[in-house]
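What follows is the residue order along each chain.
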Amino acid sequence: MAFGRLERTAGPQPMSDINMTPLVDVMLVLVVIFILTAPLMASAIRLDLPRTEGATPGTVPQFVTLVVDASGQAFLQDEPLSQPALAERLRRIGAERPDTEIQLRADAAVPYGRVVEVMGAAHLAGLQRIGFVAEPPATGAPTAPARAP
């Protein structure tokens, strides 16, 4: 008989890795739930809307192209026009369809004053929507830095 401590054998060490099976089970259940509920969330409310004449879809806004080339010549829909003829055509367009948009394309060499004259003629004709058309810089080409006034 020994009066000392009894020797113990080392038991199994605790596992420090996460148990992946429950994690995968939970993820698969969540995937199934989302697959089943996604179509329900997309179209939850079904409506039978009334029909009426006033509910026709809006027409696409019309536009005309106004080009000013490097020499200052104005072209309306690819037709060269003098300043008085341009003003008259714009006045007719403004009277027929005042919501028409002007898409203005001006060469980089055109003086600012000429562009303002063309814009003024469109404004006097009652055309308030003017869009400026520009081209993006070529890929890989450096862009010119903006000049400070």
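Source: prediction; values computed, not measured. (Residues numbered from 1 in each chain as written. Predicted model: local features only at pLDDT ≥ 70, side-chain atom pairs only at ≥ 80, totals over all residues. Heavy atoms only, no water.)

Comments concerning the overall build of the protein chain
From N to C terminus, the protein chain includes three helices and five strands. Along the chain direction, N to C, the helices and strands of the protein chain fall in the order α-β-β-β-α-β-α-β. When burial is assessed residue by residue, the protein chain has 17% of its 149 residues classed as buried. Long-range contacts, defined here as pairs at least 24 residues apart, represent 67% of the contacts in the protein chain between residues at least 6 apart. (Helix = DSSP H or I, 4+ residues; strand = E, 2+ residues; numbered from the N terminus. Buried < 20%, exposed > 50% of the residue type's maximum accessible area, 1.4 Å probe, protein only. Contact = heavy atoms within 4.5 Å.)

Notes on the sheet that holds strand S3 (residues 79–81)
Read across the sheet, five strands follow the order S3-S2-S1-S4-S5 without closing on themselves; strand pairing throughout is mixed. Edge positions in the sheet fall to S3 and strand S5 (129–132), since each has one partner strand and no second. The average angle at which neighbouring strand axes cross in this sheet is 30 degrees, direction not considered. Relative to S3, strand S2 (residues 74–76) runs antiparallel, the two sharing three bridges. (Pairing = 2+ DSSP bridges. Axes fitted to C-alpha atoms, helices over the stretch in contact; angles between N-to-C directions.)

Observations concerning the nonpolar core
Of all hydrophobic cores here, the largest spans 19 residues; its most connected members are Leu66, Leu76, Leu86, Leu90, Ile102, Leu104 and Val118. Every residue in contact with Val118, bar those within four places of it in the chain, is listed here: Leu66, Val68, Leu86 and Leu104. (Core = buried A, V, L, I, M, F, W, Y, C linked by side-chain atoms within 4.5 Å.)

Topic: the side chain of Arg114
On the secondary structure map, Arg114 appears in helix H3 (residues 112–124). With residues up to four places along the chain from it excluded, the contact list for Arg114 reads Val68, Gly72, Ala74 and Gln83.

Considering a nonpolar patch on the surface
Nonpolar side chains collect at one region of the surface, where Ile18, Met20, Leu23, Val24, Val26, Met27, Leu28, Val29, Leu30, Ile33 and Phe34 lie side by side and expose about 1,000 Å² of accessible area between them. In this structure, Leu30 sits in helix H1 (residues 20–42). You can call Leu30 partly exposed: its relative accessible area is 35%. (Patch = residues over 30% accessible without salt bridge, like charges linked within 9 Å, V, L, I, M, F, W, Y side chains within 5 Å. Areas by Shrake-Rupley, 256 points an atom, 1.4 Å probe, with all protein chains shown as cover. Salt bridge = Lys/Arg side-chain N within 4 Å of Asp/Glu carboxyl O.)

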